[in-house]
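Reading the structure
For reference, the chains in residue letters:
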Amino acid sequence: METPVNKNMEEIIEALQEENKKLLRENRKLARELKHEMTLNKNTEILSEAKINLNRIIYDEKSRLEKYMNLLLNNCPYLILLFDSEGKIAFTSNSYLLKNNITTFAMIRGKSYRELLGPLLKEEILQQADLVFKNGAEGCKYASFKQDVDLEQEGYIRHYIIETTPMFNEAEQTEGAITVFYDITEIVRAKNEAEYARKIAEQSVRVKSEFLANMSHEIRTPINAIIGMTSIAKLSPDIEKKDYCLDKVEIASSHLLGVINDILDMSKIDANKLELSNVEFNFEKMLQKIVSVISLRVEEKHQDLVVHIDKHIPNFLIGDDKRLVQVITNLLSNAVKFTSEYGSIYLDTFLVIEEDNICTLQIEVCDNGIGISQEQQSRLFSSFEQADSSTSRKFGGTGLGLAISKRIVELMNGRIWIRSELGKGATFAFTAQMERGRAANPNGILSVSANWENIRVMVVDDSAVTCEYFEEIAESIDLQCDTVLGGGEACALIDKNGAYDIYFIDWQMPDMDGIELCKWIRGNTPDNSMIIMMSSAEWGAIEKEAKQAGVNGFLPKPLFPSSIIDCINECLGFDNLMADGEKQSIEAEVFKGYHILLVEDVEINREIVISLLEPTQIGIDCAENGLEAVNMLKEAPDKYDIIFMDIQMPEMDGYEATRNIRALESGHARQVPIVAMTANVFREDIEKCLAAGMNDHIGKPMDFDEVLAKLYKYL
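Computed from a prediction, not measured in an experiment: that's the story for all the values here.

**Focus on the overall build of the chain**
Within the chain one finds 21 helices and 22 strands. Across the 715 residues in the chain, those meeting the buried criterion constitute 41%. Once local pairs closer than 6 in sequence are excluded, the contacts in the chain between residues at least 24 apart make up 64%. Surface summary for the chain: the accessible area is close to 40000 Å², and the carbon and sulfur share equals 52%.

**Quick notes on a negative patch on the surface**
A cluster of like negative charges, contributed by Glu 10, Glu 11, Glu 14, Glu 18 and Glu 19, occupies part of the molecular surface. Along the chain, Glu 18 turns up in helix H1 (residues 4-75).

**Details of the pattern of salt bridges**
Summed over all chains, the structure comprises 18 salt bridges. With its nearest N and O atoms 2.9 Å apart, the salt bridge here joins Glu 123 to Arg 114. Given a relative accessible area of 40%, Glu 123 falls into the partly exposed group. Since its relative accessible area comes to 34%, Arg 114 is described here as partly exposed. Between Glu 354 and Arg 436 there is a salt bridge whose closest N-O contact spans 2.7 Å.

**A word on a nonpolar patch on the surface**
Taken together, the side chains of Val 602, Ile 604, Ile 608 and Leu 612 define a hydrophobic patch exposed on the protein surface, amounting to about 300 Å² of accessible area. With respect to the helices, strands and loops of the structure, Ile 604 is situated in helix H16 (residues 603-613).

**Some words on a positive patch on the surface**
Side chains of Lys 21, Lys 22, Arg 25, Arg 28, Lys 29 and Arg 32 sit close together on the surface and give a patch of like positive charge. Inspection of the secondary structure assignment puts Lys 21 in helix H1.

**Notes on the sheet that holds strand E21 (residues 674-678)**
The strands making up a sheet associate through hydrogen bonds between their backbones, and the pairing can be parallel or antiparallel. One open sheet holds the five strands; their spatial order is E19-E18-E20-E21-E22, and the pairing between them is parallel. Here the strands that pair on one side only, and so sit at the sheet edges, are strand E19 (619-623) and strand E22 (696-699). Ignoring strand direction, the axes of neighbouring strands in this sheet form an average angle of 20°. Relative to the sheet, helix H17 (residues 626-635) contacts strand E18 (595-599), E19 and strand E20 (642-645), its axis offset from that of E19 by approximately 130°.

**So, the side chain of Thr 349**
Take Thr 349: it is sitting in strand E9 (residues 344-355). A polar atom in the side chain of Thr 349 sits 2.9 Å from the backbone oxygen of His 308. Leaving out residues up to four positions away in the same chain, Thr 349 has contacts with Phe 283, Leu 287, His 308, Ile 309, Asp 310, Ile 313, Gln 362 and Ile 363.

**A short note on the sheet that holds strand E3 (residues 143-149)**
As summarised here, the arrangement of the five strands in space is E2-E1-E5-E4-E3, forming an open sheet in which the pairing is antiparallel. Looking along the sheet, the strands with just one partner apiece sit at the ends: strand E2 (89-92) and E3. Averaged over neighbouring strand pairs, the angle between their axes works out to 20° when direction is ignored. Of the strand pairs in this sheet, E3 and strand E4 (residues 158-168) are connected by seven bridges, and their pairing is antiparallel. By the bridge assignment for E4, Gln 147 is matched with Tyr 160.

**Observations concerning the side chain of Arg 158**
Inspection of the secondary structure assignment puts Arg 158 in strand E4. Assessed through its relative accessible area of 13%, Arg 158 is described here as buried. For Arg 158, the side chain forms a polar contact with the side chain of Asp 183, separated by 2.7 Å.

**Structural notes on the nonpolar core**
Core analysis: the biggest nonpolar cluster contains 66 residues, and Phe 283, Leu 324, Ile 328, Phe 430 and Phe 504 have the highest contact counts within it. Look past the residues within four positions of Ile 328 in its chain and what remains in contact with it is Met 286, Leu 287, Ile 290, Leu 347, Ile 363 and Phe 430. With 24 residues, the next largest nonpolar core counts Ala 629, Met 645, Ile 661 and Cys 689 among its residues.

**As for the packing of aromatic side chains**
Under the defined criterion, the tally for this structure stands at five aromatic pairs. For the pair Phe 470 and Phe 504, a centre-to-centre distance of 5.0 Å together with 50° between the ring planes defines the contact as tilted. Pair noted here: Phe 470 is in helix H11 (residues 464-476) and Phe 504 is in strand E15 (residues 502-506), with a separation of 34 residues, a long-range link. Judged on exposure class, the residue Phe 470 and its partner Phe 504 are both buried. Ring centres of Phe 591 and Tyr 712 lie 5.9 Å apart, and the angle between their planes is 55°; this geometry places the pair in the tilted category.

**Concerning the packing of H17 against helix H18 (residues 654-662)**
Relative orientation of the contacting elements H17 and H18 amounts to 15°, with a least axis distance of 9 Å. Between H17 and H18, the interaxial angle falls into the category roughly parallel. Crossing geometry of H17 relative to H18 is assigned as right-handed. Contacts between H17 and H18 pair Gly 626, Val 630 and Leu 633 from the former with Ala 657, Asn 660 and Ile 661 from the latter.

**Some words on the pairing of E21**
Taken across its five residues, E21 has five buried, putting it largely inside the fold. On E21, burial covers both faces: Ile 674, Ala 676 and Thr 678 on one face and Val 675 and Met 677 on the other are all buried. Summarising the sheet, E20 and E21 pair through three bridges and their orientation is parallel. The partner of Phe 644 across the bridge, within E21, is Val 675.

**Some points on unusual backbone geometry**
For the bond running from Lys 557 to Pro 558, omega is 0°, close enough to zero to count as cis. Checked against the element boundaries, Pro 558 lands in the loop between strand E17 (553-556) and helix H15 (561-571). One non-glycine residue, His 302, adopts positive backbone phi at about 55°.

**Side note on the environment of Val 279**
Of note, Val 279 is situated in strand E6 (residues 279-282). Spatially, the C-alpha atoms of Val 279 and Asp 320 are 6.2 Å apart, while their sequence positions differ by 41 residues. Excluding residues that lie within four positions of it along the chain, Val 279 makes contacts with Leu 317, Ile 318, Gly 319 and Asp 321.

**With respect to H11**
Each turn of an α-helix holds 3.6 residues, which means side chains three or four residues apart point in the same direction. Compared with the 18 Å implied by 1.5 Å per residue over 13 residues, the 18 Å span of H11 between its first and last C-alpha is a close match. What H11 keeps buried is the set Thr 466, Cys 467, Tyr 469, Phe 470, Ile 473 and Ala 474. All buried residues of H11 lie within an arc of 165° about the axis, which places them on one face of the element. Exposed and oriented more than 90 degrees from the buried face of H11 are Glu 468 and Glu 475. Those residues of H11 that are buried lie in contact with strand E7 (304-309), strand E13 (457-460), strand E14 (481-484), E15, strand E16 (530-535) and H15. Remark: Asp 478 follows H11 within two positions and exhibits a positive phi of approximately 60°.

**So, the confidence of the model for the chain**
Of the residues in the chain, 86% reach a pLDDT of 70 or more, and the chain-wide mean stands at 80. Contacts from residues 387-395, a stretch scored under 50 in pLDDT, to residues over four places away or in other chains number 15 contacts. For residues 575-588, every residue scores under 50 in pLDDT, and the model assigns this stretch 28 contacts once sequence neighbours within four places are set aside.

**Comments concerning helix H8 (residues 321-337)**
The terminal C-alpha atoms of H8 lie 24 Å apart, and with 17 residues this matches the ideal 24 Å at 1.5 Å per residue to within 8%. Of all 17 residues in H8, 13 are buried; the element is thus mostly enclosed. Taking the backbone nitrogen of Lys 322 as reference, a side-chain oxygen 3.3 Å away marks Asp 320 as the first, capping residue of H8.

Procedures and definitions
Residues numbered from 1 in each chain as written. Predicted model: local features only at pLDDT ≥ 70, side-chain atom pairs only at ≥ 80, totals over all residues. Heavy atoms only, no water. Helix = DSSP H or I, 4+ residues; strand = E, 2+ residues; numbered from the N terminus. Buried < 20%, exposed > 50% of the residue type's maximum accessible area, 1.4 Å probe, protein only. Contact = heavy atoms within 4.5 Å. Areas by Shrake-Rupley, 256 points an atom, 1.4 Å probe, with all protein chains shown as cover. Patch = residues over 30% accessible without salt bridge, like charges linked within 9 Å, V, L, I, M, F, W, Y side chains within 5 Å. Salt bridge = Lys/Arg side-chain N within 4 Å of Asp/Glu carboxyl O. Lys, Arg positive; Asp, Glu negative; His and termini not counted. Charge placed at Lys NZ, Arg CZ, Asp CG, Glu CD. Pairing = 2+ DSSP bridges. Axes fitted to C-alpha atoms, helices over the stretch in contact; angles between N-to-C directions. Polar contact = N/O pair within 3.5 Å; in protein donor to acceptor, adjacent residues only side chain to side chain. Core = buried A, V, L, I, M, F, W, Y, C linked by side-chain atoms within 4.5 Å. Phe/Tyr/Trp six-rings, centres within 6.5 Å; stacked < 30°, edge-to-face > 60°. Parallel < 35°, antiparallel > 145°, perpendicular 65-115°, else oblique. Left-handed = near helix turned anticlockwise from the far one by under 90°. Expected span 1.5 Å × (residues − 1). Arc of directions from axis to C-beta. pLDDT = per-residue confidence, 0-100.

Next up, the structure:
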C-alpha cells in the first residue's frame, strides 16, 4: 500500500530528476555557450594577432618603400624637386643638392618654386610652373622646356630638359608638383659633333671640288700657253718671234713645274713624309737668289722691293736652305701678286735670339696691297683653301703654297702668322731655327789697300728705309757715309762739304731725279768722283741715258751688303776680296778632255742634255739603259770621268746598274762619280740613290746651273 510519504518522495524524486534534467540541459547549453565564447575569444585573439602582424607587415613594407624611395632620390642622376600644394619645396634628390653645392636640405626647406629656381630659369618656364600649381587637377597642366643652365654658378653651362608635372593623391586632389632636370648635355654635344662632322665633310667635298677645278685651271693654262706658243713658233719665220714664243714657253713651263711641285709637297705633307735636310749655306746669297727670281715680276709691275738683313744674323747658317727659299719665295710671290702697280714690298729679317749656336730667325714680308679680311685669314693656312677660291677670281694660284709653308716652318721649329686689314696691305711673318754655320768668312771685305778714313761716300735716295739700311750696312763694314733724301739736299750738302769720292744715287726721285743729279755733279765737281746708279729697273733700260749723264756703274735694288762692298772695291780699282770658293762663275766653262756617260732611255732627254752641255766641249757617250751602261764600263772602265744615271729604264734600272758598276773589278769604276738624273725627287728617293752607290742627285726637269754645279763639284 502506497503511503503518502512514499508518494511525496517519488514526487520529490521525479521533481529532482526533472530539475536535474533541466540542469543538465542548462549545463549543456552553458557548455555550448562557453564553448562558443571560448571560440569567439580565440578568434578574437587570432584576429588581433593577425591585425598586429598585418600592421607590422604594412609598417615594414612602408619602411622598405621609404628606404628605396630615399635611395632613389639620393642616387638618381636626375635633378628632382618635390613641391607641396603651396608651391614650396618639400623634398629633393641628393643629386640636386650636390649639383647646387647645397650641404643639407634644411638650407632650402620651405622655399617657393620661384624663390628657388627664379634666378636660374627663364620667366616663361616659371609662368608655366605657376599654371601647374594653380590649375592642378582641373587643367592637368604640364610644362616642358629646354634651357642652358649654370646650376653650379661656376660658368659651366649644361643643357637640360626641365619638366614640371602636378602630383595627385588617391582622391585626385593636387598635392603639389614635381620638377625634373634631365641633363642632355652629352646628347646635345654628340648631336652637335655629328652636325659639325657632317658640315666638315660637306665643306671638305666642296673645298676639294673647288681645288680640283682651280688645279685644272692652273695646269691647263700653262699647257695651253706651251702648246699655243710652240705652234706659233713653228709657223713663224721671224727669229725674234720664235725667241719671244720660247720665252713664254719657258715661263709657262716653270709655272707648271711649280704647280706640280706644290702637289707633290702637299702629298708628302698628307703622308707625313715631308722632311728637312741640313746643309751649310750663305744666308745673304740665298736671299739674292730669291730676289733674282722674283725681280722680273716686281719690275713688270713697277713695284719697289726693299730687303733688310739684320747685321746680327750669321753669314752662314746650317739648315734646309731650299725649303727656306720655298717659303720666302711663296710669301714674296703672293705679295707681288696682291700688290698693285707702283706698290711697295718689304722683306725684313731679324735675329730674335741665339742660344747654344741655335739661331731663331724672324722673316717678314710686308706689302701695301689689297689686304686680307679676318674671315679670309682663318682659311689661309688650310690645305686646298684660298681667300677667294672661285675659278673666276682675279688672282690665280693653287691654294697650297701657304699650307706647305706652314708645315715647313713647323718642321723648322717655328710658326707663321699674318697681320692684315682689308685694303691696308698684309704682313706675313714666320720664325725658323737654324744652327750657326761653321764657315766664318764674311760676304765681302773692303780692300785693306785703301785709306778708308779719307774716302767719302754719299747715298741719295728718296726712301728713308733705303738710306737707313745703307747706313746700317756702312756701319757694319766701318765705312763712313752721308745719306740724303733728294737731289736738292744732295746739291746743298756737296756745296757745303765739297765733292765726295763715291756717290750712290737712286734713279727715280721726285723733284730732281737721279739723271739730273748726276749731270749736276759732273758739271759742278771734279771728274774723279765715281757715280753709281741704284735702281730696281734693268740696267739695259737706263744704261745709255745714265752713261751720257756721267754714271760709272750700276747697283741693282734691293741692296745687299756684299753687292755694296763689291761695288765700292770696283770703284776704287780693287778686286773683290772674298774667300776662295765663294766666287763661282755662272757661265759654262770648257771641260774639254773630260767624258760623260749619259744613261737615259728617252731620246728627247738625251738630246736636251747634249744640247745644254755642248758649249762646255765635254765629250758625251750615251747608253739607253742600265745594262748597256754596265757593258760600256766593262769595255772601257777608265774612259768616263762622270756618269749621269737615269733611274727608271727598261732591262736594267739605274739602281741595279749602279750596283753592277760598283761591283766591277776596275778601281776607277768603283770610284767614278755617278749622279742620279731622275724625276723622283722625294727625300726617300734621294736616299735610295745614295744607298745604291750613287754620289749625288739631279731632279728633272733639269736646271742647267745645277748640272754645271755638279760638273764643277766632281770634275
